[in-house]
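Tertiary structure, described
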Amino acid sequence: IGMAQMDIDLKVQNEVENQRTLEQQLGSAFDAIDKNNSGYVNSMEFDEVLMQEFVTSWFATVGFDVETPEEKGKLWAVLEAKSPGVHGVEREAFIRTCRYLANPMQKVDLTVLERELSGLEMRMSKDTQRLQMQMEQISRQLEDVAQSYRL
């Protein structure tokens, strides 16, 4: 039992160390992408750095296929969706999302996520249109009330 516990402890220790190393690598990758040191990566910075072969090779070593524009777009869509930043993807969201996606136990099908994001975008668009119509209706009602007071 003692040896089995030591094996488990060693595996846990190795996994913790692997996660730390991955986080450091992802942090370094983010810093390399964020050329203007804004704390955010926008899609142009992301696309620009992914044109470099050593960067796509590095992403491949941590489990991301970013060879094609479609794959780059899918990864960017997931990163952007998981970041609360309005200027792009913030550092912590980049690290957290890439770490999650790189975990073999939590591998996510980016195509499914892309579809889900597209569906959310369509719903948001419809909700926005509905809200705009309601705002216009309220505005007209307010104009009618104001008109009645002028009479």
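You'll find the structure just up there.
Residues numbered from 1 in each chain as written. Predicted model: local features only at pLDDT ≥ 70, side-chain atom pairs only at ≥ 80, totals over all residues. Heavy atoms only, no water.

As a further point, take the overall build of the protein chain. If you tally the helices and strands in the protein chain, you get 6 helices and 2 strands. Going from N to C terminus, the protein chain has its helices and strands arranged as α-β-α-α-α-β-α-α. By residue count, 25% of the 151 residues in the protein chain fall in the buried class. Taking all contacts inside the protein chain whose residues are at least 6 apart in sequence as the whole, residues at least 24 apart take part in 55%. (Helix = DSSP H or I, 4+ residues; strand = E, 2+ residues; numbered from the N terminus. Buried < 20%, exposed > 50% of the residue type's maximum accessible area, 1.4 Å probe, protein only. Contact = heavy atoms within 4.5 Å.)

Looking now at unusual backbone geometry. The backbone phi angle of N37 is positive, close to 55°, even though this residue is not glycine. Along the chain, the position of N37 falls in the loop between α1 (2-33) and β1 (40-41). With a relative accessible area of 66%, N37 lands in the exposed category.

Bringing the side chain of T97 into the picture now. Structurally, T97 is set in helix α5 (residues 91-102). Within the local environment of T97, its side chain forms a polar contact with the backbone oxygen of A93, the two atoms lying 2.8 Å apart. Among all residues touching T97, those that are not within four sequence positions of it are V78, L79 and K82. (Polar contact = N/O pair within 3.5 Å; in protein donor to acceptor, adjacent residues only side chain to side chain.)

Approximately 170 Å³ is the volume attributed to the largest pocket. At 4 residues, helix α6 (residues 110-150) tops the list of elements feeding residues into the lining of the largest pocket. Residue composition of the lining of the largest pocket, by class: 5 nonpolar, no polar and 2 charged. (1 Å grid on protein atoms, 1.4 Å probe; cavity = no way out; pocket = protein on both sides within 12 Å on 5 of 7 lines; lining within 4 Å. Points joined across faces, edges and corners; volume = space filled by probe spheres on them. Nonpolar A, V, L, I, M, F, W, Y, C, P; charged D, E, K, R; others polar.)

Attention shifts here to the pattern of salt bridges. Two side chains of opposite charge can pair, provided their charged atoms sit close to one another. Taken as a whole, this structure holds 3 salt bridges when the rule is applied. The residue E17 makes a salt bridge to R20 at a minimum N-O spacing of 3.7 Å. Residue E17 and its partner R20 are both found in helix α1; the two are separated by 3 residues, about one turn of the helix. The exposure class of E17 is partly exposed, given its relative accessible area of 41%. Of the charged contacts, one joins R130 and D127 as a salt bridge, the two residues approaching to 3.7 Å between their closest N and O atoms. Note that R130 and D127 are positioned in helix α6 at a spacing of 3 residues, about one turn of the helix. Accessibility expressed as a relative area gives 42% for R130, which makes it partly exposed. When its relative accessible area of 37% is taken as the criterion, D127 is described as partly exposed. (Salt bridge = Lys/Arg side-chain N within 4 Å of Asp/Glu carboxyl O.)

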